[in-house]
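What follows is each chain in one-letter form.
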Amino acid sequence: MKRIREMELKFTVAGRMPKSVNEVFEAVADPDRLSCFFTTGGAKGRLAPGAEVTWDFHDFPGAFPVLVQEVVQNEKIVLQWEATQDPSTWTTVTMTFHELEDGRTLVRISEYGWPETEDGLKSSFGNCEGWTGMLCAMKAWLEHGINLRDGFYK
């Protein structure tokens, strides 16, 4: 595979949610809530340190294993999952939750760890799009009970 220019493939996306830190944190950590707007094929297992959970997306069938590395209630979730078609490559995702002065919650999602190849670059762009979509879907679900993901990708 052709290597791309020397650089670390990583990104950070962020969004502000109209709910408390605890409500936003639980929307991600609780598999039943996460399945309402993101893992529409179902999430199995609460995000807890050392847990291996699965995330399934109705529009991209097949359960993805997710390894939970760290959880700090209402502050941070760190997980790893497969990065590309190569099962030996896993990326690290860090989600942070910050209470804002106006009562909203700022969520930041960072991901890194792709191989510096064309496939790695393509996968990183795809995941950046996916996490941005997840933040938009979470806001719509938290604020209005709407599942934006339903029918969006297929």
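Look up a bit, the structure's there.
The following refers to the structure shown. (Residues numbered from 1 in each chain as written. Predicted model: local features only at pLDDT ≥ 70, side-chain atom pairs only at ≥ 80, totals over all residues. Heavy atoms only, no water.)

## Let's talk about helix α1 (residues 21-29)
- Across the nine residues of α1, seven count as buried, placing the element largely inside the fold.
- Listed in full, the buried residues belonging to α1 are Val21, Val24, Phe25, Glu26, Ala27, Val28 and Ala29. (Buried < 20%, exposed > 50% of the residue type's maximum accessible area, 1.4 Å probe, protein only. Helix = DSSP H or I, 4+ residues; strand = E, 2+ residues; numbered from the N terminus.)

## Regarding the side chain of Thr39
- One can find Thr39 in the loop between α2 (31-34) and β2 (42-44).
- In this structure, Thr39 is in contact with Leu34, Trp55, Asp56 and Phe57, ignoring residues within four places of it in sequence. (Contact = heavy atoms within 4.5 Å.)

## Regarding the environment of Glu143
- Among the secondary structure elements, Glu143 is positioned in helix α3 (residues 118-144).
- A C-alpha to C-alpha distance of 33 Å links Glu143 and Trp90, two positions 53 residues apart in sequence.
- In this structure the side chain of Glu143 is engaged in a polar contact, spanning 2.3 Å, whose partner is the side chain of Lys139. (Polar contact = N/O pair within 3.5 Å; in protein donor to acceptor, adjacent residues only side chain to side chain.)

## Observations regarding the environment of His58
- Assignment of secondary structure puts His58 in the loop between β3 (52-57) and β4 (60-72).
- With a relative accessible area of 64%, His58 lands in the exposed category.
- Separated by 93 residues in sequence, His58 and Gly151 place their C-alpha atoms 9.4 Å apart.
- In this structure, His58 is in contact with Thr40 and Gly41, ignoring residues within four places of it in sequence.

## Quick look at the packing of aromatic side chains
- For the structure shown, the criterion picks out 11 aromatic pairs.
- Geometrically, the ring pair formed by Phe37 and Trp141 is stacked, given 5.4 Å between the ring centres and 25° between the ring planes. Separated by 104 residues along the polypeptide, Phe37 in the loop between α2 and β2 and Trp141 in helix α3 bring together distant segments of the chain.
- Exposure remark for Phe37: the relative accessible area of 0% places this residue in the buried category.
- Taking the centre distance of 5.8 Å and the plane angle of 80° together, the rings of Phe38 and Trp55 count as edge-to-face. In this pair, Phe38 sits in the loop between α2 and β2 while Trp55 sits in strand β3, placing the two residues 17 residues apart along the sequence.
- Residue Trp55 is classed as buried on the basis of its relative accessible area, which comes to 1%. (Phe/Tyr/Trp six-rings, centres within 6.5 Å; stacked < 30°, edge-to-face > 60°.)

## A short note on the pairing of β3
- Alternating positions in β3 separate cleanly, Val53, Trp55 and Phe57 being buried on one face and Glu52, Thr54 and Asp56 remaining unburied on the opposite face.
- Bridge count between β2 and β3: three bridges; the pairing is antiparallel. Paired with Ala43 across the bridge in β3 is Trp55.
- Here β3 runs beside β4; their pairing, made up of five bridges, is antiparallel. (Pairing = 2+ DSSP bridges.)

The analysis is restricted to geometry; functional conclusions fall outside its scope.
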